[in-house]
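The lines below spell out each chain.
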Amino acid sequence: MKIAVVGTGYVGLVTGTCFAETGNQVTCVDIDVNKVTRLQKGDIPIYEPGLEVLFDRNIAEGRLTFTTDLKEGIKGAEVIFLALPTPPGEDGSADLKYILGVANDLGPILENYAVIIDKSTVPVGTAEKVSAAIRLNATVDFDVVSNPEFLREGVAVEDFMKPDRVVVGTTSEKAKKVMEKLYAPLVRQGNPVIFMDERSAEMTKYAANSFLALKITFMNEIANLCEKVGANVDDIRRGIGTDSRIGKRFLFAGIGYGGSCFPKDVQALAKTSDDYGYDFRTLKSVMAVNDDQKKRLLPLITEYFDGDLKGKTIAVWGLAFKPYTDDIREAPALENIKALLAAGANVTVYDPEAMDNVKGLLPDLTYCHTAYAALDDADALMIFTEWPQFRTPDFDKMAKLMKEKVIFDGRNLYELEVMRENQFTYYSIGRESVD
Ligand code: NAD
């Protein structure tokens, strides 16, 4: 099949590369000239494990190309993916200007029947809006399908190539056949392609992300209560996660969720609820609790230094919103670092992948080449991302480098016993502190 992917970010680039890998002819389109130039030179602008091998192979074999020209990119395409940003607008709703802008542009340049696929996360009713915008100027037949994406950054290629399920919202039989053919190579093991109407598909994506955000947030509140009653949230996690009705995943307590999806999608679903006159109380609590959770360590570190962080050097391990990505959108680390700077602290940081993305936003930090370099003369360490390399550090080396042996761990990386043995003062989430 000939496929066009409009928007070549985390989702678009993975979508384009993976569909090239299954033998399709793919053209990725983006308005960002620098990005397209880099891609044309064979340089991947994001960090996503496993992507490079597929990217290189499909470029070399001529199945994957890049352009800034929408008309050229969609020429002859049977399938056109829209993998465009849907950032939150001022009122919390998903801003559809990118999607509808491209939809408007598509109308006059469509030359043949095509299935236009909303891959972006978009509110209920968007497929109808996209369809109407294209129809204004279209001279050929087309269908607009909702096909939300469930990949996780960090394991995006694996998620895309072996999806748990594919959700397709369409009421067109013709589009359904195209979608079946497109996804057949990815669901050979029998994972389902679930067909439904467009509105239900759009809603499915928000329900999935909001449910996961709710699960994390519920566990964070259990953690907060654990601290008060003297229980250990890690034991609670093991105790309930083994119940198959609950499941083991998304039960790790920490300093809140971030990233480019959960915060904006929870907010957008709450806005949709308001628009339809429904008071979605659990969602509103999720947002409020998560906002507080992100700042959970700040009062502890402030109190530890008797209310005065001025002139203290705070080392930070982890900037990305989660490991295996360079994505810093809504990362809890950033909010915490800004608060440390506002309190007069000096901040030294290390992240294996995300530092380049932070440098433009926070130029006043000291960026270090290794995790240990960030500890040099530090008064304390704060941990915000659970990169595996932080899990088993050399505590003796850390003790020698740091001015004070104190860690504020937002990701519960270390056993309390290990901290006691190594004589660190240790604060984490949902567990007793170690003095
Ligand atoms: P992104 O910001 O990484 O990429 C979007 C790309 O679109 C950018 O490269 C931008 O330059 C390009 N773009 C903007 N306007 C354009 C235009 N008019 N023509 C062509 N290109 C244009 O975004 P993303 O993380 O890939 O997310 C895209 C959508 O997918 C969002 O709706 C998001 O919610 C959803 N989603 C994201 C993830 C994820 O993990 N990142 C997972 C599932 C769904």
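Cut-off values and rules
Residues numbered from 1 in each chain as written. Predicted model: local features only at pLDDT ≥ 70, side-chain atom pairs only at ≥ 80, totals over all residues. Helix = DSSP H or I, 4+ residues; strand = E, 2+ residues; numbered from the N terminus. Rg over C-alpha atoms; globule rule 2.2 N^0.38 Å. Buried ≥ 20, exposed ≤ 12 C-beta atoms within 10 Å, placed from the backbone. UniProt positions renumbered as here; feature names shortened; annotations may be inferred. Contact = placed C-beta atoms within 7 Å. Pairing = 2+ DSSP bridges.

Chemist: What exactly am I supposed to notice about the overall build of the chain here?
Modeler: Helices and strands together make up the secondary structure of the chain, namely 17 helices and 14 strands. Computed over the C-alpha atoms, the radius of gyration of the chain is 23 Å, within 12% of the 22 Å expected from 2.2 N^0.38 for a compact globule of 435 residues. Based on the C-alpha atoms only, the size of the chain along its principal axes is roughly 70 × 50 × 40 Å. The buried share among the 435 residues of the chain stands at 45%.

Chemist: Just to check I follow, could you spell out the UniProt feature "binding site: NAD(+)" (unreviewed entry) in the chain for this structure?
Modeler: UniProt's entry tags Asp30, Lys35, Thr86, Thr121, Glu153, Lys264 and Arg329 with the feature "binding site: NAD(+)" (unreviewed entry), counted in the numbering of this structure. An extended arrangement is adopted by the annotated residues: their sequence extent is 300 residues, and the largest C-alpha distance between any two is 24.2 Å. When you line up the elements, Lys35 lands in helix 2 (residues 33-40). Once residues lying within four places of it in the same chain are set aside, the contact partners of Lys35 are Thr8, Asp30 and Pro45.

Chemist: So what exactly am I meant to see when it comes to the sheet that holds strand 10 (residues 346-350) here?
Modeler: Pairing between sheet strands relies on hydrogen bonds along the backbone, with the strands arranged either parallel or antiparallel. The six strands lie next to each other as 11-10-9-12-13-14, forming an open sheet whose pairing is parallel. Looking along the sheet, the strands with just one partner apiece sit at the ends: strand 11 (366-367) and strand 14 (425-427). Across four bridges, the pairing between strand 9 (residues 313-317) and strand 12 (residues 380-383) is parallel. What sits directly across from Ala315, in strand 12, is Leu381.

Chemist: Is there a simple way to think about the UniProt feature "binding site: substrate" (unreviewed entry) in the chain in this case?
Modeler: As annotated in UniProt, the feature "binding site: substrate" (unreviewed entry) corresponds to Phe150, Leu151, Arg152, Glu153, Lys205, Phe250, Leu251, Phe252, Ala253, Gly254, Gly258 and Lys322 in the numbering used here. For the annotated residues, spread through 173 residues, the largest C-alpha to C-alpha distance comes to 23.9 Å, inconsistent with a single compact locus. With respect to the helices, strands and loops of the structure, Phe150 is situated in the loop between strand 6 (142-146) and helix 7 (156-161). Here Phe150 falls in the partly exposed class, since 16 other C-beta atoms lie within 10 Å of it. Leave out the neighbours within four places in its chain, and Phe150 touches Asp159, Pro163 and Ala208. By secondary structure assignment, the location of Phe250 is in the loop between helix 10 (233-241) and helix 11 (262-275). When neighbours within four sequence positions are excluded, Phe250 is seen to be in contact with Leu212, Lys215 and Ile216.

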